[in-house]
Amino acid sequence: MHESFLEYVLDDLQNKDLDITKCTYVLPSKRSGTFLKKHIANRLDKNIFSPDIISIQEFIGNLSDLTPASNIDLLLLLFKVYKKSHIEESDDFTSFINWGQTLLQDFNEIDGYLIPAHDILNYLSAIKEINHWSTSKEKSELVENYLQLWKNLETIYSEFYDVLLKQKKGYQGLIQREAVKATQKGRENITYTTPIIFVGFNALNAAESTIIQHYLEQGNSHMYWDIDTYFLNDPIHDAALFVRNYKNNWPYYKHGNKIAPQHNFLKEKKITITGVPKNISQTKYVGQLLKNIGENKNIDLSKTALVLADETLLNPMLNAIPTGIPEVNITMGMPLNKTVLYSFFVNYLDLHLNVSERGWFFKRVLEFISNPYTLTLSSEDQANFAQRMTKDIKEGNLLYINADILSKYPKAKDLLSIIFPSGTISPMDWIHNCLMLIDRLKTIYQKDKNALELEYLYRFYALFNQLQQYLDKVDFMGELKSIKNLFKQLANMETLDFIGQPLTGFQIMGMLESRNLDFETVIITSVNEGILPSGKSNNSFIPFDVKRDYGLPTYKEKDAIYVYHFYRLIQRAKNIYITYNTEPDVLEGGEKSRLVTQLLTDENVKPYITHTIATPKISIDAKPLIQIDKSDLLLEDLKAFALKGFSPTSLTNYIRNPIDFYTRNILKINDLEEVEENIAANTFGTIIHDSLEQLYTPLINQVLTKENINDLKTQVDDVVQHHFEKNLSGVDVSKGKFLLVYNVIIKYLNNFLVDEQKQIKQHEIKILALEERYEEFISVPGLEFPIKLKGTLDRVDAFDGVIRIIDYKTGKVESKNVKITDWETLITDYDKSKAFQLLCYAYLYYKKHGISDVQAGIISFKKLGQGLFRFSEDKNTQINEDTLVTFENYLYQLMREICNVEIPLTEKVD
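Summarised in this report is the structure supplied together with it. (Residues numbered from 1 in each chain as written. Predicted model: local features only at pLDDT ≥ 70, side-chain atom pairs only at ≥ 80, totals over all residues. Heavy atoms only, no water.)

Remarks on helix α30 (residues 658–666)
Okay, so step 1: Looking at α30, one finds that the buried residues are Pro658, Ile659, Phe661, Tyr662, Asn665 and Ile666.
Okay, so step 2: Backbone geometry just downstream of α30 places Lys668 in the positive-phi region, at approximately 60°. (Buried < 20%, exposed > 50% of the residue type's maximum accessible area, 1.4 Å probe, protein only. Helix = DSSP H or I, 4+ residues; strand = E, 2+ residues; numbered from the N terminus.)

Some thoughts on the pattern of salt bridges
Okay, so step 1: Using the criterion set out here, one finds 30 salt bridges in the structure.
Okay, so step 2: In this structure, the salt-bridge partner of Arg572 is Asp226, at a minimum N-O distance of 2.8 Å. Taken together, the residues Arg572 in the loop between α26 (555–571) and β17 (575–581) and Asp226 in the loop between β6 (221–224) and α11 (229–232) connect sequence positions 346 residues apart.
Okay, so step 3: The salt bridge involving Lys484 is made with Asp350; its shortest N-O contact spans 2.7 Å. (Salt bridge = Lys/Arg side-chain N within 4 Å of Asp/Glu carboxyl O.)

Digging into the sheet that holds strand β22 (residues 802–809)
Okay, so step 1: Here we have five strands laid out as an open sheet, ordered β20-β21-β22-β24-β25, and mixed in their pairing. Looking along the sheet, the strands with just one partner apiece sit at the ends: β20 (765–778) and β25 (868–870). In this sheet, adjacent strand axes meet at a mean angle of 40° when their direction is disregarded. (Pairing = 2+ DSSP bridges. Axes fitted to C-alpha atoms, helices over the stretch in contact; angles between N-to-C directions.)

Notes on the environment of Val741
Okay, so step 1: Mapped onto the elements of the fold, Val741 is located in helix α33 (residues 736–762).
Okay, so step 2: In the structure, Val741 is positioned 86 residues away from Ile827 in sequence and 35 Å away in space, judged by C-alpha atoms.

Digging into helix α1 (residues 5–15)
Okay, so step 1: Listing the buried residues of α1 in full gives Phe5, Leu6, Tyr8, Val9, Leu10, Asp12 and Leu13.
Okay, so step 2: Buried positions along α1 lie against β1 (24–27), α2 (30–42), β5 (196–199) and β6.
Okay, so step 3: Phi turns positive one or two residues past the end of α1, at Asp17, with a value near 60°. (Contact = heavy atoms within 4.5 Å.)

Details of the side chain of Asn708
Okay, so step 1: Following the sequence through the fold, Asn708 ends up in helix α32 (residues 706–727).
Okay, so step 2: Take Asn708: its relative accessible area is 17%, and that puts it in the buried class.
Okay, so step 3: If near-sequence neighbours (up to four positions away) are discounted, Asn708 is found in contact with Leu699, Gln702 and Val703.

So, the pairing of strand β21 (residues 787–799)
Okay, so step 1: Buried residues dominate β21, accounting for 12 of its 13 residues.
Okay, so step 2: As judged from the 12 bridges shared by β20 and β21, these two strands associate in the antiparallel manner. The residue of β21 that forms the bridge with Ala769 is Val796.
Okay, so step 3: Two elements, β21 and β22, share five bridges in a ladder whose sense is antiparallel. Counterpart to Asp797 in the pairing with β22 is Arg804.
Okay, so step 4: Counting the residues in the hairpin turn of β21 and β22 gives two residues, including Asp800, whose phi is positive at 50°.

So, the nonpolar core
Okay, so step 1: The biggest cluster of nonpolar side chains holds 155 residues, and the ones touching the most others in it are Trp430, Phe464 and Tyr696.
Okay, so step 2: Ignoring anything within four residues of it in the chain, the contact list for Tyr696 reads Leu704, Ile709, Leu712, Phe752, Leu753, Glu756, Ile767, Leu770 and Arg795.
Okay, so step 3: Counting 81 residues, the second largest nonpolar core, distinct from the first, contains Leu10, Tyr192, Ile196 and Ala240. (Core = buried A, V, L, I, M, F, W, Y, C linked by side-chain atoms within 4.5 Å.)

By themselves, these observations are geometric and do not establish any function.
Below, the structure is given as structure tokens:
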């Protein structure tokens, strides 16, 4: 590797005959200070006290007498000021926190760039007024309330500023503004007697720029820019956007001082650019790359850095690092809101935000008890209540879980009293319960000696104690919902820090942690638009043109910051590996970054670049069809099933897919039961069937009359209500989704009765049977054992003397489903399953009553207007003995196939 920037700075200072041990070094971040100390130590032959090495924030903070306030403290204080600002219909804290953070960032920028707040905030208010201008003199109440905030913005800012000054606290921009005032008046809180060395800055705001220039003008300070000649001399290259500006505009440089750029970017290097599909594939690719690097004796892993442009990839990247790498130092923290434990507490909060008089809503309960940490608590309790409760909720279709249901788990009583406390809980109760859950988990993980989980628990323990302190200070968070955003905000800002040796081993870091550091081998991931650079974001109330007019940074300047970091990282490196996602989407960034395109089109570095697209080796083999041979055991099961009875549905299951028949009908494996928050299709159908049976049962063996039907119409509501309660215990049909479903069923039944009334005006209809169950043993030629055929006929009636067998369907039915022209399709094509069912019913009716001349059809509640969908063979809707004989032959054929030991059960694919 070429000489690092920090070594270059120390060499230059020594060439200027400055004692490097008696300087004050000001750097962009603390991390680079650790490396600077190492380089200074390497040049010494005796032990000394370390020179002052501080970050720019500490340096400026020392000039004022203010201390930085935490982000949450600032938000709480800003909210108090906002509530006192005489704005009618002001937001509560829950709503405020969503936009208060943005307002705080804008105040921070306004102060950091030394913009007169009076000017820009009044200008902003005038813009908002114009945006909502209309021909109407009177503004709506909504618009008036909205504009009140902007009219009061300057007052809010001024009061907020004053309160912070009284408390000797501030946000970064305010501290910088006050530090500028102090230097201009000669009232600095601290006086520096040693030379001040400013090292490796790039994008300075107006306050930082003013303060640095102040010390440079005094003559006892030096400024070192980490910029390459190649970028500085290019009038349009964004990597030097800021440094060029300082060179051209700072009086210090206009008066003869020079910027001394380096000359490293065009030196020989190896740049490998690889497009990889999707983010996880990038981590796998980097894992393989690291394995190769680890095996390459020419590459020193301690001089290698992996820079994650997308920091959310830290977790999968840690899993991809090969075990052969001995030391890994992670300089970036993992945000607490990216941990599973965070989801545990959020689920717990949502559980209590969705509690009503009826109990805890099942969805939130299932989410919480399926969390890995709840399962850990459940198993430790020896009651396994989580698994049992999940089963009970699904089997009992429980929409709400109350104290009666919880009493079924006595062994878990203590734990459940924490998770499901009686009565409404306050934010402080919730925090207290979370701390008790942490204590229980701590006991479990201490037994298992699980250090990582204990570290997670400790971080959340500290976070909840922090929350408690905030709640003690305020009186506007009495409701549980008000704490949710605050908890999320804290978890987003707090990180789980990894402990390591920053000066040794392979380094993993984010883009900002790389400032002032140089590595021989650099791997940069996720170099995509929207990630590196991050592109446009509307995280401000100040419009783009106002920012431009007042000299505030826009997305262009923010992009230029990342362009600088990117090029600075690679300018001294020998081996550079850049990966980008070739499959852009909303979550994983856009197309490959302009930085990649810029490198690929730069004639001066083109000879050093290799560009490839990594295509994963995927061999797609045709999935073999599942085939199950009929063993003796399976044949016994089939015989047992045949004796219990084949239903038309089980036979059509076989026609659709023999494997479905095997799993559902032989093994009795059905789809996992789910709680019916929205009514399932089969339950919907059951309620309609049962309601019609109850309504029409008193009319069996009677000819229907107008009076009969009118009487039935008056009963519909009560009958449906009864069957709702019977089939879906615990549901409330007076509101929500079930009310809609209830009304749909009422409408279906009323429409059915209206249609029936129209029919009886022209025809005589006599009800013969309802929901009658038929069972017949049949002897199939070629089979040694009898087979039972069974089925339930929804309705049998006499229509002008013709027997009709009617099947009710609440699903979709088309006339082609009940028509056949080719009999072979009846037992091979599932589309003809409804025709098959109707013929089964006609066959069963014939076997019992000896009547073959019937009609069979389907009434579809979705298409009541189309009447009865009659079975037809070549347009003939009458079923006779010949029809049933033909059907019987095909039925026998199907039965023989199912029971034939030589024919395996073979999967059918659509």
